[in-house]
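Notes for the structure review
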Amino acid sequence: MREVLSPAERERAEKIRHMDTRLSYLQAKSAFRIILAAHLHVPPRDLQMTVSRFGKPQLPAHGIEVSQSHSHDWSAVAVSALGLVGIDIERWRPLADCRQLACHIMTDQEAGVFEDSPSELTVRKFLELWTRKEAVLKCAGLGLRQDPRGLYTGWDEPAVQFDNVQYYLNALPVCEQLVGHLASHAPQKVIMRSLPSQLDVWL
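On a predicted model such as this, the values are computed, not experimentally measured, just so you know.

**Quick look at the environment of Ser-69**
One can find Ser-69 in strand β3 (residues 65–71). Here the alpha-carbon distance between Ser-69 and Leu-40, two residues 29 residues apart in the chain, equals 20 Å. Leave out the neighbours within four places in its chain, and Ser-69 touches Trp-74, Ser-75, Ala-76, Ile-87, Asp-88, Ile-89 and Lys-138. From its side chain, Ser-69 meets the backbone nitrogen of Ile-89 in a polar contact 3.0 Å long.

Below is the structure:
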């Protein structure tokens with residue numbers, strides 16, 4: 001996996017002390033490069049990627065927009081030739097302080113709906129809202145440098161406004177363990193591809 005990474009990515013990997021976290025980072029970054037390389041028909045190591053000051057990956061020489069998210073052993077990559085894109089996934093897991101966390105990401109309107117939710121759905125609803133917000137903020141190129149409480153997405157709206165720009169949201173039809181959303185500037189058709197079966201072919 002290290003062979004396809006940039007020198008900066010390899011250096012960062014070496015600084016991660018916990019072995020499981022380091023392996024997760026290596027898997028996510030190498031898969032990102034391999035997927036993009038297959039899409040662009042170039043060797044993974046030849047991809048010239050830059051990172052914006054807010055952490056958004058960019059491929060200025062190829063005319064595509066990309067976004068990546070990973071959670072534990074899962075990784076998601078979005079590629080678009082039609083405009084900006086943002087993706088976020090979270091692995092479902094128990095969150096003991098879910099309601100306390102909610103006050104740090106929700107608008108007053110969202111918090112009111114959340115408080116009325118059945119207790120057995122609170123974690124799922126929290127992660128759904130979190131991935132909707134982060135997908136939009138990634139698409140905007142800001143990530144979590146923007147306070148998520150300044151962005152209203154709700155749970156059901158197919159499109160939301162942020163900073164006078166409209167963003168379209170798609171829930172990712174992923175497995176039971178994951179919650180995820182994709183955001184874009186236009187209502188794009190989303191084509192899903194599942195790995196590692198295809199990754200084996202690309203390698």
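So much for the structure itself; the text now carries on.
**Side note on helix α2 (residues 19–40)**
The end-to-end C-alpha distance of α2 is 31 Å, a good match for the 32 Å that 22 residues give at a rise of 1.5 Å each. Positioned one or two residues after α2, His-41 has a phi angle of 60°, which is positive.

**What about the pattern of salt bridges?**
Counting across every chain of the model gives eight salt bridges. We note a salt bridge from Glu-110 to Lys-133, for which the minimum N-O separation is 2.9 Å. Of the two residues, Glu-110 is situated in helix α4 (residues 108–115) and Lys-133 in helix α5 (residues 122–139); the sequence distance between them amounts to 23 residues. Each of the two residues, Glu-110 as well as Lys-133, counts as buried. Two residues, Glu-128 and Arg-124, come together in a salt bridge whose shortest N-O distance is 3.7 Å. One end of the pair is Glu-128 and the other is Arg-124, both in helix α5 and four residues apart, which spans about a single turn. Of the residues examined, Glu-128 reaches a relative accessible area of 24% and is grouped as partly exposed. Accessibility expressed as a relative area gives 30% for Arg-124, which makes it partly exposed.

How each quantity is defined
Along each chain, residues carry numbers from 1 onward, in the same order as the chain's sequence is written. At least 70 in pLDDT is required for a residue's local features to be given in this predicted model, at least 80 for side-chain atom pairs to be given and counted, and no such filter applies to totals for whole chains, interfaces and linings, which use all residues. Processing note: side-chain calculations cover all non-hydrogen atoms of the structure and skip hydrogens and water entirely. Helix numbering and strand numbering both begin at the N terminus, where a helix is a DSSP run of H or I of at least 4 residues and a strand a DSSP run of E of at least 2. Working rule for contacts: check all heavy atoms of both residues, and any pair within 4.5 Å makes them a contact. Think of a polar contact as two N or O atoms within 3.5 Å of one another; within protein, one of them needs to be a possible hydrogen donor and the other a possible acceptor, and neighboring residues in sequence only count if both atoms come from side chains. Each helix should span, by expectation, one fewer than its residue count multiplied by 1.5 Å. Throughout this description, the term salt bridge denotes a Lys or Arg side-chain nitrogen within 4 Å of a carboxyl oxygen of Asp or Glu. Buried, partly exposed and exposed residues are distinguished by accessible area as a fraction of the type maximum, computed with a 1.4 Å probe on protein chains only: under 20%, between the cut-offs, and over 50%, respectively.

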